[in-house]
Amino acid sequence: MQQSEQEQQKEQVIAQNEIPDLIINPYEVVNNSKKQIDYDKLIQSFGCQRIEQTHLDRIQALTQKPVHHYLRRGIFFSHRDLNQVLDAYEAGKGFYLYTGRGPSGESMHVGHLMPFIFTKYLQEAFDVPVVIELSDDEKFFHKSETTLEEYQRYGYENAKDIIACGFDVNKTFIFLSSQYAGHMYHNICKFQHAITYSQLRGIFGLNESDNCGKVAYPAVQAAPSLSSSFKHIFGKDEVMCLVPQGIDQDPYFRMTRDVCYKLKVPKTGCIHSQFLPGLHGFGTKMGTTDPTSAIFLTDTAKEIEEKIKKHALSGGGMTKKEHQEKGADLTVDVPYHYLRFFLEDDARLEEIRVQYGKGVMMTSEVKKELINVITKIVTEHQQRRALVTDEIVQKFMELRPLSNYPPKKNN
């Protein structure tokens, strides 16, 4: 059911949220408060909806599988039209997943893994197709630190890390947007025709001195949310799309949803994740400019241990006595929050939360726990990635039908 004009106007894209000390847009996340982001205020500011327990119950009932700990812990915390996506699935029409990666370097870090870990869970739980865009063109337009060919090479290297997450080649299509754009150009044109420069300037802060690639690119990111961009998978069927993403990417899809309304096609569904902080604290970024700010997927066990021990900001007391008296401030403690993201055992996480918060458990113990968890994840990922050949990458990028579409009819 399409929205009314009045409802549509409420979803007009905005340049950024209006929370003090916080800037969130597709190109930067700045948290000057140095504390954990207030995601309730972010939901209100962005105009999305919170994921409720009723959504979790429904997902478990539909899939007959336990919901992911990212959902149980509110790490994926808000959505747009998740109910409509689940309705389509329940009606036997199915849906597909669309996510992506901007390949800015050869090595990804553990924060980059999050959407792919979650997307893989959704793929397995619902048995739906996945399309993954590697936006080499976006990085070329916005960074211009090297050649387009080099960003394409980064894309192929990042594809190996994505494939190593365990995606099923028979149910997953990966593409470089600079190479695949011609196949969805008809939809790119529709988006470009429907979006004004004034809107793009308001959403992304573009100005007259920007290269025209920055103006043209948003339509390229929007187009994969229409199933007609993948005729080799969906044919002429009109299939709903769900996009797992960081909340910073939401402006793209508010724009996309507005155009979907104009085109009279189903609006793109979205599901948003919280941010994984940099090792130095909630007001810091992860990136290659400071190798101590993140755990990279190429790090050795020794490097992971040293980074967590030396650089992961603690919320514990300055002295043992102070810590035992006051406990740890979990709102700023990075090791605890990394465990929220990567320790799957709910009971153990709750035990750490209580004992560390009371000052019974010391910072060194929490960091040791995190070292064990992250080292296992990264080491196993490296082992799987070593098996991903160029031929395997090409298979994922080959234009072909996917084995889980059309969906099996529900009884």
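Residues numbered from 1 in each chain as written. Predicted model: local features only at pLDDT ≥ 70, side-chain atom pairs only at ≥ 80, totals over all residues. Heavy atoms only, no water.

1. Here's the deal with the packing of helix 12 (residues 212-222) against helix 14 (residues 250-263)
- At a minimum axis distance of 10 Å, the contact between helix 12 and helix 14 shows a crossing angle of 75°. Here helix 14 runs roughly perpendicular to helix 12, going by the angle between their axes. Every residue of helix 14 that contacts helix 12 at Tyr217, Pro218, Gln221 and Ala222 is listed here: Tyr252, Phe253, Met255 and Thr256.
- The residue makeup of the contact of helix 12 with helix 14, split by class, is 6 nonpolar, 2 polar and no charged. (Axes fitted to C-alpha atoms, helices over the stretch in contact; angles between N-to-C directions. Helix = DSSP H or I, 4+ residues; strand = E, 2+ residues; numbered from the N terminus. Parallel < 35°, antiparallel > 145°, perpendicular 65-115°, else oblique. Contact = heavy atoms within 4.5 Å. Nonpolar A, V, L, I, M, F, W, Y, C, P; charged D, E, K, R; others polar.)

2. Thoughts on empty space enclosed by the protein
- Within this structure, the stated rule accounts for 2 cavities of 30 Å³ or more.
- For the largest cavity, the calculated volume is near 50 Å³.
- Taken together, Ile59, Leu71, Leu82, Leu86, Phe95, Phe118, Leu122, Phe126, Leu242 and Ile271 make up the full set of residues lining the largest cavity.
- Elements that contribute at least two residues to the lining of the largest cavity include exactly helix 5 (82-90) and helix 6 (110-126).
- Here the residues of the lining of the largest cavity are counted per class, giving 10 nonpolar, no polar and no charged. (1 Å grid on protein atoms, 1.4 Å probe; cavity = no way out; pocket = protein on both sides within 12 Å on 5 of 7 lines; lining within 4 Å. Points joined across faces, edges and corners; volume = space filled by probe spheres on them.)

3. Things to note about the environment of alanine 159
- Relative to the helices and strands, alanine 159 is located in helix 8 (residues 148-163).
- Sequence separation of alanine 159 and methionine 397 is 238 residues, and the distance between their C-alpha atoms is 9.5 Å.
- Ignoring anything within four residues of it in the chain, the contact list for alanine 159 reads Leu134, Ile174, Val393 and Met397.

4. Describing the layout of surface pockets
- Of the voids in this model, the second largest pocket is the one considered here, and its volume is about 600 Å³.
- Lining the second largest pocket are 22 residues, with His68, Ile117, Glu344, Ile377 and Arg384 sitting closest to its centre.
- Counting only elements with at least two residues in the lining of the second largest pocket, the list comes to helix 4 (69-72), helix 6, helix 17 (334-342) and helix 19 (363-385).
- It is helix 19 that contributes the most residues to the lining of the second largest pocket, 7 residues altogether.
- A breakdown of the residues in the lining of the second largest pocket according to their chemical character gives 10 nonpolar, 4 polar and 8 charged.

5. Re helix 15 (residues 301-311)
- Among all positions of helix 15, only Ile304, Lys307 and Ile308 are buried. Buried residues in helix 15, looked at end-on, bunch into an arc of 90°, giving them a common side. Those residues of helix 15 that are exposed and angled more than 90 degrees off the buried face are Lys302, Lys309 and Lys310.
- Contact partners of the buried residues in helix 15: helix 19. (Buried < 20%, exposed > 50% of the residue type's maximum accessible area, 1.4 Å probe, protein only. Arc of directions from axis to C-beta.)

6. Here we look at the nonpolar core
- Formed by 72 residues in total, the largest nonpolar core has its most connected members in Leu71, Phe95, Phe126, Ile174, Tyr338 and Phe342.
- Element by element, the count of residues in this core is highest for helix 6, at 9 residues.
- Apart from residues lying up to four places away in sequence, phenylalanine 95 is in contact with Val85, Tyr89, Phe126, Val128, Pro129, Val239, Met240 and Leu242.
- Within the second largest apolar cluster, 37 residues are counted, among which are Phe191, Leu206, Phe234 and Val265. (Core = buried A, V, L, I, M, F, W, Y, C linked by side-chain atoms within 4.5 Å.)

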